[in-house]
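Analysis of the macromolecular model
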There are 2 protein chains.
Amino acid sequence: MKQFIHTIFIACLVLVLAACDQTTGSDPLPSWNESPSKLAITRFVDAVTSEGEPHYVPPAERIAVFDNDGTLWSEQPMYFQLAFALDRVKALASKHPEWKSTQPFKAVLEDDLKTVLAGGEHALLELVMATHAGNTTEEFSRIVKDWLATAKHPKTRRPYTDMVYQPMLELLAYLRSNGFKTYIVSGGGIEFMRPWTEKVYGIPPEQVIGSSIKTEFEMRNGVPVLVRLPEINFIDDKAGKPVGINQHIGRRPIAAFGNSDGDLQMLQWVCAGSVKPLCLFVHHTDANREWAYDRNSDIGRLDKGLDEAKTRGWTVVDMKDDWKSIYPTTNQ
Amino acid sequence: MKQFIHTIFIACLVLVLAACDQTTGSDPLPSWNESPSKLAITRFVDAVTSEGEPHYVPPAERIAVFDNDGTLWSEQPMYFQLAFALDRVKALASKHPEWKSTQPFKAVLEDDLKTVLAGGEHALLELVMATHAGNTTEEFSRIVKDWLATAKHPKTRRPYTDMVYQPMLELLAYLRSNGFKTYIVSGGGIEFMRPWTEKVYGIPPEQVIGSSIKTEFEMRNGVPVLVRLPEINFIDDKAGKPVGINQHIGRRPIAAFGNSDGDLQMLQWVCAGSVKPLCLFVHHTDANREWAYDRNSDIGRLDKGLDEAKTRGWTVVDMKDDWKSIYPTTNQ
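This write-up is about the structure you can find in this document. (Residues numbered from 1 in each chain as written. Chains lettered and ligands numbered in written order. Predicted model: local features only at pLDDT ≥ 70, side-chain atom pairs only at ≥ 80, totals over all residues.)

1. Observations regarding the pairing of strand S5 (residues 255-258) of chain B
Residue and element names in this part refer to chain B. Residues Ala255 and Phe257 of S5 are buried on one face, and the alternating residues Ala256 and Gly258, pointing to the opposite face, are buried as well. In this sheet, S5 lies alongside strand S1 (residues 63-66) in parallel orientation, the contact comprising three bridges. Bridged to Phe66 within S5 is Phe257. Here S5 runs beside strand S6 (residues 278-285); their pairing, made up of four bridges, is parallel. Within the sheet, the bridge partner assigned to Phe257 lies in S6 and is Leu280. (Buried ≥ 20, exposed ≤ 12 C-beta atoms within 10 Å, placed from the backbone. Helix = DSSP H or I, 4+ residues; strand = E, 2+ residues; numbered from the N terminus. Pairing = 2+ DSSP bridges.)

2. Thoughts on the relation of the copies chain B and chain A
Each copy of the sequence occupies a distinct position, and chain B is placed on chain A by a rotation of 180° and an axial shift of 0.0 Å, giving an RMSD of 0.0 Å. On the angle and the small slide along the axis, the relation comes out as a two-fold axis. By C-alpha distance to the rotation axis, the residue of chain B lying nearest is His248 of chain B, at 3.2 Å. Comparing interface residues between copies, 100% of those in chain B also sit at the interface in chain A, which points to an isologous, same-surface contact. (Least-squares fit on C-alpha atoms with pLDDT ≥ 70 in both. Contact = placed C-beta atoms within 7 Å.)

3. What about the interface of chain B and chain A?
Counting from both sides, the interface comprises 30 residues of chain B and, opposite them, 30 residues of chain A. Sorting the residues of the side of chain B that touches chain A by element identifies helix H1 (2-24), strand S3 (208-220), strand S4 (223-234), helix H10 (240-248) and helix H11 (264-271) of chain B as the ones contributing at least two each. The greatest single-element share of the side of chain B that touches chain A, amounting to five residues, is contributed by H10 of chain B.

4. Quick word on the environment of Glu218 of chain A
Residue and element names in this part refer to chain A. In this fold, Glu218 is placed in strand S3 (residues 208-220). Separated by 82 residues in sequence, Glu218 and Thr136 have C-alpha atoms that sit 9.7 Å apart. Dropping the residues within four chain positions of it, Glu218 is found in contact with Val225 and Val227.

5. Thoughts on unusual backbone geometry
Pro104 of chain A follows Gln103 of chain A through a cis peptide bond whose omega is 5°. The amide bond that connects Gln76 of chain B to the next residue, Pro77 of chain B, takes the cis arrangement and shows omega of -5°. Located in the positive-phi region is Lys238 of chain A, a residue other than glycine, with phi close to 50°. Of note, Lys238 of chain A is situated in the loop between strand S4 (223-234) and helix H10 (240-248). Classification of Lys238 of chain A by C-beta neighbours within 10 Å gives partly exposed; the count is 17. Located in the positive-phi region is Asn221 of chain B, a residue other than glycine, with phi close to 50°. You can see Asn221 of chain B is positioned in the loop between S3 and S4. Judged by the 5 C-beta atoms lying within 10 Å of it, Asn221 of chain B is exposed.

6. What about the environment of Ser35 of chain B?
Residue and element names in this part refer to chain B. Counting through the fold element by element, Ser35 comes out in the loop between H1 and helix H2 (36-49). The class of Ser35 is partly exposed, set by 15 C-beta atoms lying within 10 Å. Each C-alpha atom, one on Ser35 and one on Glu218, is 54 Å from the other, the two residues being 183 residues apart in sequence. If we ignore the near neighbours within four places in the chain, the residues touching Ser35 are Asp321 and Asp322.

Structure, rendered in structure tokens:
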């Protein structure tokens, strides 16, 4: 009996120590250098999780929203979803002989990215509709997974899902271990992200918000399916981000993370909330380990956001100085 | 020391017993008579939660969707949200002198419900736009809460939020205690439900899906707000329900609960999933304690659904016979 009690006692002790370790143990953000950015994050988390303190927030209201492109993974030399669309044009070309002589498809098939981009938003929309619509939601999910399993980034030759930021993965885990629900709020396609965000970021499909095309319920041989239509449903960018957050979550987050002017309204809305919120921009300053761009970039332009961050005292992460590593493996 | 060990031991014992009680303890559905409906529910839950068994479903995929009007609370003699809209017309009438001579507002102000309803969908849409739009999301939430705090149902004289079904509250709690995420998927307004579903059903705002009007991000004196526009965004009814589920959740639920033909496509879609799902209709058969209606009702018509439930072997709850009580208090 004594032996049994002893075992129980040890078991309880282990549990208590394990619990303690979660809160006071080792550094939860090991890839972050000791910097004002890191301090802003840990101070914020301490403040909203300290019961009885003035800035305490109950767990149900601890909502954190993250942009995806350029905030959780890279976005250069083009949004990864655009690389997917270009590859899909090539994969589908044999079924569309007319593409050989029709822009913007012709340019895609000739690897002439300059002409594709010169077509502007209209050309990109055409590419998205031709490659993202016409199938069922389940078929599209499979296509995305298959592509990610084989496609490689043109510069790093890594799979795209390996080009996520290690410091941000740590941040996501740190927030969740402190009772936060973490959401993605991206201008990218909601159904392009959902097939892989749980595995890569630990973010389940129901916590992914993005741009979307319309879908329609249909009976196919007695089997109900959702068919993806070539028609825009919602653009989750700029002023659309607070709208998308309200539509999906129905309450104001207390932390927002972005990297471009497309995230500005999201940060404005979150940081106008009544609690003491955290608003943070990732600033791409590392031309060696990643890319360096801001005010003049076509992709992920951060211009007004940089000014507003200064005015409002938001946190700006300097990738070069604040992050010990960029991607999850060691051979950088 | 011995005393301390003893205390630890007792504490552990209490924890273990408490854990056991959750799974093998008292009846989790005490307001349900022993019936095929109740058996279908408990067998389903046992099947999807038994690890190693063929129909086991991991907790992350245990998604259950519930219609609201007529499934979680009553919907007679009119949808409660319509009662809200009528009351709002009266509250706002002093600011709209023209309503005294304009239909459908004139009829509302004269308590002439017959004329209001004779105006059909167009009249109802006009009422909704006049009473649900033009304010910010936060103002609207406050208006809904204030209304619910004082409004009384014309027949029962109870607050509307007291007219929720006790057996369904138990079902929601039972599913959640078995690792389910419970969602509302309603034709009603998403922002009409969110202010109170957490308190009444234990369902947080981010798990409420409904019809919506468009909102727009706007800066008002430097403060960002979301303004509600008089324009339909999404109708979450009939074939819209699977679309809304896919948009918000991004994966197929394994259980669906409804009460009308408006829920038919939702049940079809859920029950066509690959796991062993549960599809259930609440059939309003209790004219004494609630209302009795189905194939010929204008509100909550259950016609095709009754036939399809029979063909497909879905569960149909007979309110009169299957439920010991209807509403949460004892004085019925």
